[in-house]
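Working through the structure, step by step
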Amino acid sequence: MIKWIKYVIGIAIFCFLLWYLYGHWGELGLLFKLGFFELLVIYFISFIAILNKAGVVKIILKPMGVTALFGDMFLVQNACLLLNYVPMKFGTFFMANYLKRHYSLKYSRFGTFSFYLTFMLSVIASLTGIIAVIFIYGLADIRKQILAGVFLLCFIASIFLLFVPLPIPKGKSSPVIILRDFLLGRSAVSKDMRALFLAVSLLFINFIISSIRLGIIYHSMGIRVHPAGFLVLGALGYIMMFINLTPGALGIRELVLGAGAVVLGVPPEVGITVAIIDRSITLIWAFVVGGACVVWLRHKSPLDFKETKLHFSSKDLI
């Protein structure tokens, strides 16, 4: 029920934003100039981002004893883009089940993988956001101070969660065994500095790509923003993606990017419009490329989907 409520909230916020933009349509109507070339560039760099993400998955899984095939991870990443918009984040469950069936990765270790992926993204985004706000925009007014403070808190919390040593519990009960497996996986990844460096490097490239995407849309609309502003907006977008208030931060991300644009001197309706365009581009990729990958994976191994649905129904993965 809670997960369904999240969908309702996300859709409600998104509809409110569309209604808000409709009220400003007179000012916004002349701004839509995104052409074929800009779309081509956006989808090309999006393709590079998915390739990078597949590489990151391989790298993070390696210290936990899993040698995943790059092609598999590319297909699964694209499929999850679509499946995570299905109610209850089916894509996350599908990936967990896929890695268990094909690579014998325990669900507790999948938790470690998801944990590291989430908080490494947070470290990269928040640190870049701090640097951009302080050294480019300054801290002259309260809005920029609050923004820098949010980035700083996210950075400190993420570093703590990733690297501060935690005691490994002993015992034979199921919760203790799951927690121990999770923490042992966390320790293994934390000690592999080469894997961390490679993963952070690829994730940083993806962060830059997400900022470039926003920059291209702003440029096509004739809105001039300092390049560092796109890094700030990209950082906000990444942080919102892992604050799981709605699926894929639907509605929340658009609202926050609109508010973030105000700090950079851009009208909120323009920031919201850019965020909605960016979301639309992502959804088209998810349904076209992600849909094709879902069809291929289902044809290749129908049991993966059947078992995921079974686990999902019985809450074995929750």
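Residues numbered from 1 in each chain as written. Predicted model: local features only at pLDDT ≥ 70, side-chain atom pairs only at ≥ 80, totals over all residues. Heavy atoms only, no water.

On a plain count of helices and strands, the protein chain comes out with 13 helices and zero strands. Counting helices and strands in the order they occur from the N terminus, the protein chain gives α-α-α-α-α-α-α-α-α-α-α-α-α. Taken across its 318 residues, the protein chain has 50% of its residues classed as buried. Sequence-distant contacts in the protein chain: of pairs separated by 6 or more residues, those separated by 24 or more amount to 74%. About 15,600 Å² of surface is accessible on the protein chain, with carbon and sulfur atoms providing 75% of the total. (Helix = DSSP H or I, 4+ residues; strand = E, 2+ residues; numbered from the N terminus. Buried < 20%, exposed > 50% of the residue type's maximum accessible area, 1.4 Å probe, protein only. Contact = heavy atoms within 4.5 Å. Areas by Shrake-Rupley, 256 points an atom, 1.4 Å probe, with all protein chains shown as cover.)

Moving on to the packing of helix H3 (residues 36-61) against helix H4 (residues 70-83). How two helices pack is summed up by the angle between their axes together with the distance between the axes. Direction vectors running N to C along H3 and H4 enclose 120°, while the axes themselves pass 8 Å from each other. For the element pair H3 / H4, the angle class is oblique. Classified by chirality, the crossing of H4 by H3 is right-handed. The segment H3 lies against H4, with Phe47, Ile50, Leu51, Lys53, Ala54, Gly55, Val57 and Lys58 engaging Phe70, Met73, Phe74, Gln77, Asn78 and Leu81. (Axes fitted to C-alpha atoms, helices over the stretch in contact; angles between N-to-C directions. Parallel < 35°, antiparallel > 145°, perpendicular 65-115°, else oblique. Left-handed = near helix turned anticlockwise from the far one by under 90°.)

Here the structure, examined in full by the defined rule, presents eleven aromatic pairs. For the ring pair Phe115 and Tyr116, a centre distance of 6.0 Å and an interplane angle of 75° mean the geometry is edge-to-face. Measuring from ring centre to ring centre gives 5.4 Å for Phe115 and Phe182, while their planes differ by 85°; the resulting arrangement is edge-to-face. With Phe115 in helix H6 (residues 107-137) and Phe182 in helix H8 (residues 174-191), this pair connects stretches of sequence that are 67 residues apart. Following the ring pairs from residue to residue traces out a cluster consisting of Phe115, Tyr116, Phe119 and Phe182. Over the face of the ring belonging to Tyr107 we find Lys100, whose NZ or CZ atom lies 5.6 Å from the ring centre. The aromatic ring of Phe305 is capped on one face by Arg298, whose charged end is 4.4 Å from the ring centroid. (Phe/Tyr/Trp six-rings, centres within 6.5 Å; stacked < 30°, edge-to-face > 60°. Lys NZ or Arg CZ within 6 Å of the ring centre and 35° of its normal.)

Okay, the confidence of the model for the protein chain next. With 87% of its residues at a pLDDT of at least 70, the protein chain reaches an overall mean of 84. No element of the protein chain has a lower mean pLDDT than helix H2 (residues 25-28), which averages 56, and none a higher one than H4, which averages 93. Segment residues 314-318: pLDDT under 50, and seven contacts once partners within four positions in sequence are set aside and those in other chains are kept. (pLDDT = per-residue confidence, 0-100.)

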